Amino acid sequence: MTGRPRPAIAELPAYRPGRSAAAAEADHGISDAIKLASNEIPFGPLPSVAGAIASGIEHVNLYADHRATALREDIATAMGVDVAQVTVGNGSVGLLQQFALTYCDRGDEVAMCWPSFEAYPVFAMLVEAEQVRVPLRAETFDLDALAAAVTPNTKIVFIANPNNPTGTVVGTDEVEVFLDRVPSTCLVVLDEAYAEFVTDPAVTDTTRLLDVHDNLVITRTFSKAHGLAGLRVGYAIGHPDVIAMVDRTLVPFAVNELGQRAARASLAASDEMRQRVGDVVVERRRVADALGAEGWTVADAQANFVWLPVGDVAADVAVQLERRGVVTRAFPDVGIRVTIGDPVANDRFLAALADCDITPR
Ligand SMILES: Cc1ncc(COP(=O)(O)O)c(C=O)c1O
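My aim in this report is to walk through the structure given alongside it, one point at a time. (Residues numbered from 1 in each chain as written. Predicted model: local features only at pLDDT ≥ 70, side-chain atom pairs only at ≥ 80, totals over all residues. Heavy atoms only, no water.)

A separate point is the environment of Glu283. With respect to the element layout, Glu283 can be found in helix H11 (residues 270–293). What makes Glu283 buried here is its relative accessible area of 10%. Put simply, Glu283 and Val344 are 61 residues apart on the chain and 10 Å apart in space, counted from C-alpha to C-alpha. Non-local contacts of Glu283, meaning those with residues more than four positions away in its chain, are made with Ile340, Gly341, Asp342, Pro343 and Asn346. (Helix = DSSP H or I, 4+ residues; strand = E, 2+ residues; numbered from the N terminus. Buried < 20%, exposed > 50% of the residue type's maximum accessible area, 1.4 Å probe, protein only. Contact = heavy atoms within 4.5 Å.)

If you want it as structure tokens, here you go:
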């Protein structure tokens, strides 16, 4: 081994991004593969957003505004909070890492339900915190059991709502009860990366909970509904003290000029953004119904993906789908997550699945 990496880093699993269509084509000797593995939306930038990105190109010789002042003001206005309650990061995943770095020491506890977003355990390991994993109940975050698992040593609880990979939600009332139960010394990170896709009326505006719970932080992103995954802009909303503290761990200029401009333009075009989200939601319903008609039991999908809990055949089914040109995300021994794409891509997935050697379950 060259150098002397921290043992915790040497043991850290490398982040596993969704497989590309090109990799699947090379592996299986096929062409025309499609990727439904990373929960991206199938649309290019809105015209006004493309214009904002283009206008930023002539400024790339300069550092961006590290504080992203204008963008934070726009987010604060859009979310109905004070600007001191808002910060931005290098994708919301960058902020999740910052929360771990800011709040956790070796031996502290980080609690979550499982399976959930794969970055949570990685960031716990990064800071040598103990992971406390509570099983999902009916594919959904079990906030009752999660609250019971919180101890005086728990520094952070991660709640993904909707959850990745299952796509299920917990109602805002349940989140409120949870917040009432956990000590204020424990930071509750409510990860709302897919919030814009939610149609379940039990999920309402969570920013109002910030008025009562100083230990709540909400993270959101421009990667999913806004379709700007490649530009890496996420944001967090919380108590000004929490925001000021987490800002200390932001890599200088981590949110670049093009990303800041694109995010502002996308907020200004929120009606168009919502229309696109509506199109994805229609397709989500159609795919879920088609799967149901084939005999699959599909968890209530509230994000831009569906979840097939196929258990121990997950890896095998994912390979079968890949051979048919559809790249999905397998969680070995648990299930397969399939992003909602455009109608043609979704039809390809449905046809490929029907052709696989697996009985709907
Ligand atoms: C639950 C959840 N949170 C956060 C993220 C991070 O997204 P980004 O860093 O692009 O904002 C993802 C990405 O897939 C996710 O699924």
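There is more to say, and it comes next.
Inspection of the region around the ligand gives Gly91, Ser92, Val93, Phe117, Asn164, Asp191, Ala193, Tyr194, Thr221, Ser223, Lys224 and Arg232 as its neighbouring residues. In the environment of the ligand, a nitrogen atom lies 2.6 Å from a nitrogen or oxygen atom belonging to the side chain of Asp191. With three residues, the single largest contributor to the shell around the ligand is helix H5 (residues 91–103). Looking at the shell around the ligand residue by residue, the classes come out as four nonpolar, five polar and three charged. (Near = heavy atom within 4 Å. Polar contact = N/O pair within 3.5 Å; in protein donor to acceptor, adjacent residues only side chain to side chain. Nonpolar A, V, L, I, M, F, W, Y, C, P; charged D, E, K, R; others polar.)

With that out of the way, let us pick up the pattern of salt bridges. A side chain of one charge can pair with a side chain of the opposite charge when the charged atoms of the two come close. Counted according to the given criterion, the structure contains 20 salt bridges. Between Arg329 and Glu118 there is a salt bridge, with the nearest N and O atoms lying 2.7 Å from each other. Here Glu118 lies in the loop between strand S3 (109–114) and helix H6 (119–126) and Arg329 lies in strand S11 (residues 329–331), a separation of 211 residues in the sequence. The salt bridge partner of Arg137 is Asp142, with a shortest N-O separation of 3.8 Å. Judged by relative accessible area, Arg137 falls into the exposed class, the value being 52%. A single network of salt bridges, built from pairs that share partners, joins Arg6, Arg106 and Glu128. (Salt bridge = Lys/Arg side-chain N within 4 Å of Asp/Glu carboxyl O.)

All right, on to the sheet that holds strand S12 (residues 335–339) then. One open sheet holds the three strands; their spatial order is S9-S12-S11, and the pairing between them is antiparallel. Edge positions in the sheet fall to strand S9 (305–308) and S11, since each has one partner strand and no second. Mean inter-strand twist for the sheet, computed between neighbouring axes without regard to direction, equals 20°. Strand direction decides the pairing type here: S9 and S12, joined by four bridges, are antiparallel. (Pairing = 2+ DSSP bridges. Axes fitted to C-alpha atoms, helices over the stretch in contact; angles between N-to-C directions.)

Looking now at the packing of helix H4 (residues 69–79) against helix H10 (residues 257–268). Interaxial distance between H4 and H10 falls to 9 Å at its minimum, and their mutual angle equals 25°. Viewed along their axes, H4 and H10 adopt a mutual orientation that is roughly parallel. As H4 packs across H10, the resulting crossing turns out to be left-handed. Where H4 approaches H10, its residues Ala70, Leu71, Asp74, Ile75 and Ala78 are matched on the opposing element by Gln260, Ala263, Arg264 and Leu267. When the residues that make up the contact of H4 with H10 are grouped by side-chain class, the tally is six nonpolar, one polar and two charged. (Parallel < 35°, antiparallel > 145°, perpendicular 65-115°, else oblique. Left-handed = near helix turned anticlockwise from the far one by under 90°.)

Turning our eyes to something else, we now look at the sheet that holds strand S8 (residues 234–238). Spatial ordering of the open sheet is given by S2-S8-S7-S6-S5-S3-S4, a layout of seven strands whose pairing is mixed. Each end of this open sheet is capped by a strand with a single partner; those strands are strand S2 (86–89) and strand S4 (130–135). Neighbour-to-neighbour, the strand axes of this sheet turn through a mean angle of 25°, independent of strand direction. Where S3 meets strand S5 (residues 154–160), four bridges bridge the pair, whose relative direction is parallel. Within the sheet, the bridge partner assigned to Glu109 lies in S5 and is Thr154. Each of S2, strand S7 (216–221) and S8 touches H4; the most contacted strand, S2, lies at about 125° to it.

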